[in-house]
Amino acid sequence: MLGRRGLFAAAASLLFLPEAEAAGMALSARHGQTRLLVPLGKAVAWRVSATAHPARLIIELPNMSWHGPSRLAGAGVVSEVRREGRGATQTLVLSLARPIATPQVSVSHGKLAVVLRPGPAAGFARLANGHDLATAAIARPGPLPLVVLDPGHGGRDPGTIGARGTLEKRITLAAALELKRQLEAARRCRVVLTRTRDVFIPLGSRVEVARRRQAALFLSLHADSAPGARGASVYTLSETASDNLAAALARRENLADRAGGLRLPSVSPEVGRILLSLIRQETQMGSERVARLVVDALEGEVPLLPNTHRRAGFVVLKAPDVPAALVEMGFLSHPKDEAALNRASHRAKVAEALADAVHGFLGARGPVMAAG
Ligand SMILES: [Zn+2]
């Protein structure tokens, strides 16, 4: 009935959770189940193991600050819970009143839940015989991948101005903040914005944010303008523009620095060629992949520009080592797009699709279970 020996004993989970205090630790018993709930702090890994003599369940929580109780009175199969702090590692020792079956360990809503049921003594002895596991290193959580969101324009550079006076720089910031909120809620990546206020940031500096911090992905958000056009579109970097619209758009977006009154981090045609030749193939492939994911995610959710994925020489996409895409969320020159982009609900929908694409790009990164 136990499966592999020590199946649960080295269950380590890599989590990244908002700071929480362990004050709400609770032990309860109901319907033959004993449940321990431990609120986890930020970036906590945990490991559960057992010893037979004395009969104990041990929960180790590295990198955790503790503000909760040091002792809990027993309930159900647990006669007492004690906390033993060793440096930054917290250890919870559960003294067992009787043998238990394999515990169910899970995490939800920032709490570690350990559910215990009575079990046969022989089974528990096998469970607790994880001698080798006692010396196994506790997995430390690695940092989550970093996604840099770049709200286009800002400060003296308003970007495109809509038919009804909507400023692109305001739409891009609102959309980026919403996307940041959604991505952070999903806890599968860290998020940094190139700007969080209405300030002017040169294009080169935006790229540098992603490069310096070794971002896994750079997403620049914009809203375009062109007579008669409507719908969202996605752009990746290319030496040669895929079409006139893409070329004109890249020219306009690249002018942002001049509009802001600062000199471009002068990208001469020659330097541009060298920069482009430095783009590793995998970066390019990553950019193409994220663009495809963005198109797939937006499809059916918002109107799309025909030939939704286009290519052109955007300065802001020129980090040679960070996959990057530029999303034009719609045309502020089109009254329907302008009205939609002014609605928080529409921006949330766009952000939801983009979050899906980001998650697809980063791959499935759920809690990692390492069984012993
Ligand atoms: Zn723009």
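Residues numbered from 1 in each chain as written. Predicted model: local features only at pLDDT ≥ 70, side-chain atom pairs only at ≥ 80, totals over all residues. Heavy atoms only, no water.

### A closer look at the overall build of the chain
Link 1 in the chain: Each helix and strand in the chain was counted, giving 9 helices and 16 strands.
Link 2 in the chain: Buried residues in the chain amount to 51% of all 372 residues.
Link 3 in the chain: Within the chain, contacts between residues separated by at least 24 positions form 75% of all contacts whose residues are at least 6 apart in sequence.
Link 4 in the chain: Carbon and sulfur atoms make up 52% of the accessible area of the chain, which amounts to about 17100 Å² in all. (Helix = DSSP H or I, 4+ residues; strand = E, 2+ residues; numbered from the N terminus. Buried < 20%, exposed > 50% of the residue type's maximum accessible area, 1.4 Å probe, protein only. Contact = heavy atoms within 4.5 Å. Areas by Shrake-Rupley, 256 points an atom, 1.4 Å probe, with all protein chains shown as cover.)

### Here we look at the environment of Asp224
Link 1 in the chain: With respect to the helices and strands, Asp224 occurs in strand β13 (residues 217-224).
Link 2 in the chain: Between the C-alpha atoms of Asp224 and Ser333, which are 109 residues apart in sequence, the distance is 7.4 Å.
Link 3 in the chain: Setting aside residues up to four positions removed in sequence, Asp224 forms contacts with Thr160, Leu249, Arg252, Glu328, Gly330, Phe331, Leu332 and Ser333.

### Quick word on the pattern of salt bridges
Link 1 in the chain: One pass over the structure, following the stated rule, counts 12 salt bridges.
Link 2 in the chain: Note that Lys169 and Asp198 form a salt bridge whose closest N and O atoms lie 3.1 Å from each other. Remark: Asp198 occurs in the loop between β12 (190-193) and α3 (203-212) and Lys169 occurs in helix α2 (residues 168-186); sequence separation between them is 29 residues.
Link 3 in the chain: You can call Lys169 buried: its relative accessible area is 10%.
Link 4 in the chain: You can call Asp198 partly exposed: its relative accessible area is 47%.
Link 5 in the chain: One salt bridge connects Arg311 with Glu288, and the closest N-O pair in it is separated by 2.8 Å. Here Arg311, found in strand β15 (residues 304-312), pairs with Glu288, found in helix α7 (residues 281-298); they are 23 residues apart in sequence, far enough to count as distant.
Link 6 in the chain: In this structure Arg311 comes out as partly exposed when scored by relative accessible area, which is 29%. (Salt bridge = Lys/Arg side-chain N within 4 Å of Asp/Glu carboxyl O.)

### With respect to the pairing of strand β16 (residues 324-331)
Link 1 in the chain: Taking burial as the measure, the 8 residues of β16 include 8 buried ones, the bulk of the element.
Link 2 in the chain: With 6 bridges connecting them, β13 and β16 associate as parallel partners. Its bridge partner being in β16, Leu219 is matched across the sheet by Ala325.
Link 3 in the chain: Looking at chain direction, strand β14 (residues 232-237) and β16 are connected through 3 bridges and run antiparallel. Of the residues in β16, the one forming a bridge with Tyr235 is Leu326. (Pairing = 2+ DSSP bridges.)

### With respect to the confidence of the model for the chain
Link 1 in the chain: Averaged over every residue, the pLDDT of the chain is 79; the share at 70 or more is 78%.
Link 2 in the chain: Mean pLDDT values for the elements of the chain range from 32 in strand β1 (residues 13-14) up to 97 in helix α8 (residues 335-341).
Link 3 in the chain: Considering only residues more than four positions removed or in separate chains, one finds that residues 131-141, a stretch of pLDDT under 50, has 22 contacts. (pLDDT = per-residue confidence, 0-100.)

### Observations regarding the side chain of Ser233
Link 1 in the chain: Mapped onto the fold, Ser233 is located in strand β14.
Link 2 in the chain: The buried category is assigned to Ser233, whose relative accessible area is 0%.
Link 3 in the chain: Of note is the side chain of Ser233, whose polar atom sits 3.3 Å from the side chain of Tyr235.
Link 4 in the chain: Other than its neighbours up to four places away in sequence, Ser233 contacts Leu305, Thr308, Leu326, Val327 and Glu328. (Polar contact = N/O pair within 3.5 Å; in protein donor to acceptor, adjacent residues only side chain to side chain.)

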